[in-house]
Amino acid sequence: MRYLLLIAGDETAEEHQYDGCDGWGEDLARRGKIHGGGGLRPPSEATTIRVRDGEVLLTDGPFTEAKEQVGGYVVLECDDLDEALEIAAKHPAVTYGSIEVRPIFVPEEP
């Protein structure tokens, strides 16, 4: 099953943005557990888009003000939620932020 790790932190997380993952993903990549991921530019560079009554509405920045913002993501292939949580618990970002682990919906093939 695939899981998405949403890596979040507050404004102090920016000081860690160039630290990388301290080798966290190397073994996982060799084992075929990582299926994509990356860091995100700061929320101040985001644009939020909505369509209401046929009108396209653009807003600079994130959709909502929040203490924590998503700064990166990883897609994992794991046997189950327990394995995904075990892997997420070893990511360096859990020491200064949080990681939401969410199953990815995969539609059935026709």
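Note that the structure is a prediction, hence the values are computed from the model and not measured.

Peer 1: Just checking my understanding: could you explain the confidence of the model for the protein for this structure?
Peer 2: Segments scoring low in pLDDT should not have their predicted coordinates read at a detailed level. For the protein, the mean per-residue pLDDT works out to 86, and 85% of the residues sit at or above 70. Summarising per-element confidence for the protein, the mean pLDDT is lowest in helix H1 (residues 24–30) (89) and highest in helix H2 (residues 81–88) (97).

Peer 1: Please explain H2 as it appears in this structure.
Peer 2: Given 3.6 residues per helical turn, the α-helix brings residues three or four places apart onto the same face. By the burial criterion, the buried members of H2 are Glu83, Ala84, Ile87 and Ala88. Down the axis of H2, the sector holding all buried residues measures 135°, keeping them to one side. Summarising the contacts, the buried residues of H2 are in contact with strand S1 (2–9), H1, strand S5 (69–77) and strand S6 (98–103). Of the residues flanking the start of H2, the one acting as N-cap is Asp80, its side-chain oxygen 3.3 Å from the backbone nitrogen of Asp82.

The rules behind the values
- Residues numbered from 1 in each chain as written.
- Predicted model: local features only at pLDDT ≥ 70, side-chain atom pairs only at ≥ 80, totals over all residues.
- Heavy atoms only, no water.
- pLDDT = per-residue confidence, 0-100.
- Helix = DSSP H or I, 4+ residues; strand = E, 2+ residues; numbered from the N terminus.
- Buried < 20%, exposed > 50% of the residue type's maximum accessible area, 1.4 Å probe, protein only.
- Arc of directions from axis to C-beta.
- Contact = heavy atoms within 4.5 Å.
- Polar contact = N/O pair within 3.5 Å; in protein donor to acceptor, adjacent residues only side chain to side chain.

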